Amino acid sequence: WLVLLALLGSTLIIGCGDDEGPNDPADPVHAGTIDATITGDLTLDFHCTTAYGLSVQGDGESTGLMQIQGIITQGPDEYMIDIQVHHDPEPGLYGFAFPPEGAVASIAKNNVASMSNSGSVTFTEVSSDRLAGTFSCTAFHMVGVGVEFNIEVTDGAFDVPVIYEE
């Protein structure tokens, strides 16, 4: 659980808001897309047009990071998809598992996140200014003793600008 909390704690939230500043949808820095179909205990056609990515090269003592994130608002609800891969930035297929072993997807509604327990993300383009690829997963969170909230994410695709590269 500590790894899970560390992964979630490292998430930067710069989403799809209506106000000006870092959340301004007109800001070209955040003009990437994340699309996915979510089914199960949550049903949603997720389409974000102000998504972004992060790319950090490892320094020899710590691994690198590739991250994509997008947030949408529908009515009173806010939804987020966040994918983090703790690996030096390079194209490839990275598997999701629970507990996380280097790659994790979280799908959240109103700040309640479901964590991936299977699936994968494929980075087809990794550059200093762009991350692109596809993803799918199953995810869950506990809603009571022995009661799981389960979702499936299919047809996931992303093409996002890198807003931070190191």
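In short, a report on the structure. (Residues numbered from 1 in each chain as written. Predicted model: local features only at pLDDT ≥ 70, side-chain atom pairs only at ≥ 80, totals over all residues. Heavy atoms only, no water.)

Let's shift gears to the packing of aromatic side chains. What the rule picks out here adds up to four aromatic pairs. Plain terms: the ring middles of Phe123 and Phe158 are 5.2 Å apart, the flat faces sit at 65° to each other, and that makes the pair edge-to-face. Remark: Phe158 occurs in strand E9 (residues 147-165) and Phe123 occurs in strand E7 (residues 112-126); sequence separation between them is 35 residues. The class for Phe123 is buried, based on a relative accessible area of 1%. Taking the relative accessible area as the measure of exposure, Phe158 reaches 3% and is therefore buried. (Phe/Tyr/Trp six-rings, centres within 6.5 Å; stacked < 30°, edge-to-face > 60°. Helix = DSSP H or I, 4+ residues; strand = E, 2+ residues; numbered from the N terminus. Buried < 20%, exposed > 50% of the residue type's maximum accessible area, 1.4 Å probe, protein only.)

The next subject is the environment of Glu90. Looking at where Glu90 falls in the secondary structure, it is placed in the loop between strand E4 (77-85) and strand E5 (92-95). Take Glu90: its relative accessible area is 38%, and that puts it in the partly exposed class. Between the C-alpha atom of Glu90 and that of Gly64, which follows or precedes it by 26 residues, the distance is 9.8 Å.

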